[in-house]
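Analysis of the macromolecular model
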Amino acid sequence: RDFQFAQEKRRKKYGKERPWGILGLYDHLASVRMDVEWAEDAAWRRQNCEPYLAWSDFEASKGSGFNRPFFTYLTLIVCTGVLVTSIALNGWRVERLDINPMIGPSADTLLMMGAKQANLIVNEKEFWRLFSPMGLHAGAIHFFLNMLALWFVGS
(Lines give C-alpha, C1' and ligand atoms only; values in the text may rest on other atoms or scores of the structure.)
Protein backbone atom coordinates (compact mmCIF):
# COMPACT_ATOMS: atom_id res chain seq x y z
CA ARG A 1 0.00 0.00 0.00
CA ASP A 2 2.72 2.48 0.95
CA PHE A 3 4.84 1.47 -2.06
CA GLN A 4 1.96 2.11 -4.47
CA PHE A 5 1.27 5.44 -2.80
CA ALA A 6 4.95 6.40 -3.16
CA GLN A 7 4.88 5.48 -6.86
CA GLU A 8 1.82 7.68 -7.40
CA LYS A 9 3.46 10.61 -5.59
CA ARG A 10 6.65 10.32 -7.63
CA ARG A 11 4.76 10.00 -10.91
CA LYS A 12 2.67 13.08 -10.10
CA LYS A 13 5.81 15.10 -9.48
CA TYR A 14 8.06 13.76 -12.26
CA GLY A 15 5.66 12.31 -14.82
CA LYS A 16 5.85 8.93 -16.54
CA GLU A 17 8.47 9.75 -19.19
CA ARG A 18 11.64 7.69 -18.91
CA PRO A 19 14.93 7.81 -20.80
CA TRP A 20 15.96 4.83 -22.92
CA GLY A 21 18.88 2.46 -22.62
CA ILE A 22 21.17 2.22 -19.63
CA LEU A 23 20.05 5.62 -18.35
CA GLY A 24 16.47 4.38 -18.43
CA LEU A 25 17.43 1.30 -16.44
CA TYR A 26 19.30 3.43 -13.91
CA ASP A 27 16.37 5.85 -13.66
CA HIS A 28 13.94 2.97 -13.13
CA LEU A 29 16.07 1.32 -10.43
CA ALA A 30 16.68 4.64 -8.67
CA SER A 31 12.97 5.44 -8.64
CA VAL A 32 12.06 1.98 -7.31
CA ARG A 33 14.68 2.41 -4.56
CA MET A 34 13.24 5.82 -3.67
CA ASP A 35 9.70 4.39 -3.58
CA VAL A 36 10.78 1.53 -1.32
CA GLU A 37 12.59 3.91 1.03
CA TRP A 38 9.54 6.18 1.24
CA ALA A 39 7.29 3.16 1.88
CA GLU A 40 9.61 1.93 4.66
CA ASP A 41 9.64 5.40 6.19
CA ALA A 42 5.84 5.60 5.97
CA ALA A 43 5.44 2.18 7.61
CA TRP A 44 7.77 3.21 10.45
CA ARG A 45 5.87 6.47 10.91
CA ARG A 46 2.53 4.64 10.95
CA GLN A 47 3.78 2.19 13.62
CA ASN A 48 5.14 5.03 15.76
CA CYS A 49 2.10 7.33 15.28
CA GLU A 50 4.22 9.93 13.49
CA PRO A 51 2.85 12.10 10.64
CA TYR A 52 3.83 11.16 7.09
CA LEU A 53 6.47 13.23 5.36
CA ALA A 54 5.48 15.09 2.22
CA TRP A 55 7.31 13.80 -0.85
CA SER A 56 9.34 17.02 -1.13
CA ASP A 57 10.34 16.83 2.56
CA PHE A 58 11.31 13.18 2.15
CA GLU A 59 13.53 14.01 -0.87
CA ALA A 60 15.14 16.90 1.02
CA SER A 61 15.90 14.66 4.00
CA LYS A 62 17.72 12.14 1.74
CA GLY A 63 20.46 14.66 0.94
CA SER A 64 21.33 15.59 4.51
CA GLY A 65 23.05 14.06 7.51
CA PHE A 66 24.35 10.50 7.17
CA ASN A 67 22.34 9.91 3.99
CA ARG A 68 25.19 11.24 1.89
CA PRO A 69 27.22 8.89 -0.33
CA PHE A 70 30.45 9.04 1.70
CA PHE A 71 31.86 5.86 0.13
CA THR A 72 31.33 7.36 -3.33
CA TYR A 73 33.13 10.55 -2.28
CA LEU A 74 36.01 8.53 -0.82
CA THR A 75 36.30 6.38 -3.95
CA LEU A 76 36.34 9.49 -6.18
CA ILE A 77 39.12 11.04 -4.09
CA VAL A 78 41.22 7.84 -4.00
CA CYS A 79 40.87 7.23 -7.76
CA THR A 80 41.78 10.85 -8.50
CA GLY A 81 44.87 10.54 -6.32
CA VAL A 82 45.89 7.30 -8.02
CA LEU A 83 45.49 8.86 -11.50
CA VAL A 84 47.55 11.92 -10.53
CA THR A 85 50.20 9.64 -9.00
CA SER A 86 50.37 7.50 -12.14
CA ILE A 87 50.89 10.57 -14.32
CA ALA A 88 53.49 11.91 -11.86
CA LEU A 89 55.39 8.61 -11.97
CA ASN A 90 55.26 8.85 -15.77
CA GLY A 91 57.23 12.12 -15.63
CA TRP A 92 54.15 14.40 -15.69
CA ARG A 93 53.44 13.47 -19.28
CA VAL A 94 50.93 11.29 -21.06
CA GLU A 95 51.80 8.84 -23.78
CA ARG A 96 51.18 9.55 -27.45
CA LEU A 97 47.65 8.70 -28.61
CA ASP A 98 48.87 5.88 -30.84
CA ILE A 99 50.42 4.23 -27.73
CA ASN A 100 47.71 5.03 -25.16
CA PRO A 101 44.47 6.37 -26.70
CA MET A 102 43.03 6.89 -23.19
CA ILE A 103 45.30 9.93 -22.65
CA GLY A 104 47.26 8.47 -19.78
CA PRO A 105 50.56 7.02 -18.57
CA SER A 106 52.60 4.27 -20.15
CA ALA A 107 51.90 0.57 -19.67
CA ASP A 108 55.19 0.25 -17.78
CA THR A 109 54.05 2.87 -15.27
CA LEU A 110 50.73 1.08 -14.79
CA LEU A 111 52.53 -2.24 -14.27
CA MET A 112 54.83 -0.59 -11.75
CA MET A 113 51.75 0.70 -9.87
CA GLY A 114 50.15 -2.74 -9.74
CA ALA A 115 48.26 -3.35 -12.96
CA LYS A 116 47.00 -6.92 -13.38
CA GLN A 117 49.38 -9.21 -15.20
CA ALA A 118 48.64 -12.91 -14.81
CA ASN A 119 52.28 -13.92 -15.11
CA LEU A 120 53.29 -11.77 -12.13
CA ILE A 121 50.34 -12.94 -10.05
CA VAL A 122 50.88 -16.64 -10.65
CA ASN A 123 54.65 -17.00 -11.03
CA GLU A 124 55.90 -14.16 -8.82
CA LYS A 125 53.11 -14.59 -6.19
CA GLU A 126 52.16 -10.89 -6.38
CA PHE A 127 48.59 -11.47 -5.22
CA TRP A 128 48.09 -7.80 -4.38
CA ARG A 129 47.76 -7.29 -8.13
CA LEU A 130 44.29 -8.81 -7.88
CA PHE A 131 43.14 -5.74 -5.92
CA SER A 132 45.37 -2.83 -6.95
CA PRO A 133 43.93 -2.52 -10.51
CA MET A 134 40.59 -1.47 -9.02
CA GLY A 135 41.94 2.04 -8.53
CA LEU A 136 44.09 2.26 -11.65
CA HIS A 137 42.88 3.92 -14.83
CA ALA A 138 44.47 3.76 -18.27
CA GLY A 139 44.02 7.51 -18.71
CA ALA A 140 41.79 10.55 -18.47
CA ILE A 141 39.02 9.17 -20.71
CA HIS A 142 38.83 5.90 -18.77
CA PHE A 143 38.92 7.84 -15.48
CA PHE A 144 36.18 10.34 -16.36
CA LEU A 145 33.81 7.71 -17.74
CA ASN A 146 34.29 5.48 -14.68
CA MET A 147 33.88 8.37 -12.24
CA LEU A 148 30.75 9.56 -14.06
CA ALA A 149 29.26 6.07 -13.81
CA LEU A 150 30.30 5.84 -10.15
CA TRP A 151 28.68 9.20 -9.42
CA PHE A 152 25.38 8.20 -11.03
CA VAL A 153 25.26 4.78 -9.40
CA GLY A 154 26.68 5.78 -6.03
CA SER A 155 24.81 9.00 -5.30
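In this text the structure is predicted, and so the values were computed from the model without any measurement. (Residues numbered from 1 in each chain as written. Predicted model: local features only at pLDDT ≥ 70, side-chain atom pairs only at ≥ 80, totals over all residues. Heavy atoms only, no water.)

Along its length, the protein chain carries seven helices and zero strands. Ordering the α and β elements of the protein chain from the N terminus gives α-α-α-α-α-α-α. Expected size for 155 residues packed as a compact globule is a radius of gyration near 15 Å; at 22 Å, the protein chain overshoots this value by more than 25%. If one aligns the C-alpha atoms of the protein chain with their principal axes, the spans along those axes are about 60 × 35 × 25 Å. Within the protein chain, contacts between residues separated by at least 24 positions form 54% of all contacts whose residues are at least 6 apart in sequence. With an accessible surface of roughly 10,800 Å², the protein chain has 65% of that area assigned to carbon and sulfur atoms. Positive and negative side-chain charges of the protein chain, numbering 18 and 16 respectively, have mean locations separated by a distance of 3 Å. (Helix = DSSP H or I, 4+ residues; strand = E, 2+ residues; numbered from the N terminus. Rg over C-alpha atoms; globule rule 2.2 N^0.38 Å. Contact = heavy atoms within 4.5 Å. Areas by Shrake-Rupley, 256 points an atom, 1.4 Å probe, with all protein chains shown as cover. Lys, Arg positive; Asp, Glu negative; His and termini not counted. Charge placed at Lys NZ, Arg CZ, Asp CG, Glu CD.)

Let us now look at unusual backbone geometry. If you check the backbone angles, Cys49 has positive phi at about 55 degrees while not being a glycine. One non-glycine residue, Ile103, adopts positive backbone phi at about 60 degrees. By secondary structure assignment, the location of Ile103 is in the loop between helix H4 (70–89) and helix H5 (107–113). When its relative accessible area of 36% is taken as the criterion, Ile103 is described as partly exposed. (Buried < 20%, exposed > 50% of the residue type's maximum accessible area, 1.4 Å probe, protein only.)

Below, the discussion takes up the confidence of the model for the protein chain. Model confidence for the protein chain is summarised by a mean pLDDT of 87, while 98% of its residues fall at 70 or above. Ranking the elements of the protein chain by mean pLDDT puts helix H1 (residues 2–14) last, at 75, and H5 first, at 96. (pLDDT = per-residue confidence, 0-100.)

Here we take up the side chain of His137. Looking at where His137 falls in the secondary structure, it is placed in the loop between helix H6 (118–122) and helix H7 (140–154). Judged by relative accessible area, which is 4%, His137 ranks as buried.

Under the counting rule described, the total for this entry stands at four aromatic pairs. Taking 5.3 Å as the distance between ring centres and 70 degrees as the angle between the ring planes, the aromatic pair formed by Phe143 and Phe144 counts as edge-to-face. Given the relative accessible area of 7%, Phe143 is considered buried. The structure contains a cluster of three or more aromatic residues connected by ring pairs, namely Phe70, Tyr73 and Trp151. (Phe/Tyr/Trp six-rings, centres within 6.5 Å; stacked < 30°, edge-to-face > 60°.)

When two helices pack together, you describe them by how their axes are tilted relative to each other and by the distance separating the axes. Interhelical geometry of helix H2 (residues 21–47) versus helix H3 (residues 55–62) gives an angle of 105 degrees and a closest axis separation of 11 Å. The angle between the axes of H2 and H3 places the two elements in the roughly perpendicular class. Residue-level contacts link Met34, Asp35, Glu37, Trp38 and Asp41 of H2 to Trp55, Phe58, Glu59 and Lys62 of H3. Grouping the constituent residues of the contact of H2 with H3 by class yields four nonpolar, no polar and five charged. (Axes fitted to C-alpha atoms, helices over the stretch in contact; angles between N-to-C directions. Parallel < 35°, antiparallel > 145°, perpendicular 65-115°, else oblique. Nonpolar A, V, L, I, M, F, W, Y, C, P; charged D, E, K, R; others polar.)

So, about the environment of Ala42. One can find Ala42 in helix H2. Between the C-alpha atom of Ala42 and that of Tyr52, which follows or precedes it by ten residues, the distance is 6.0 Å. For Ala42, the contacting residues outside a window of four places in its chain are Asp2 and Tyr52.

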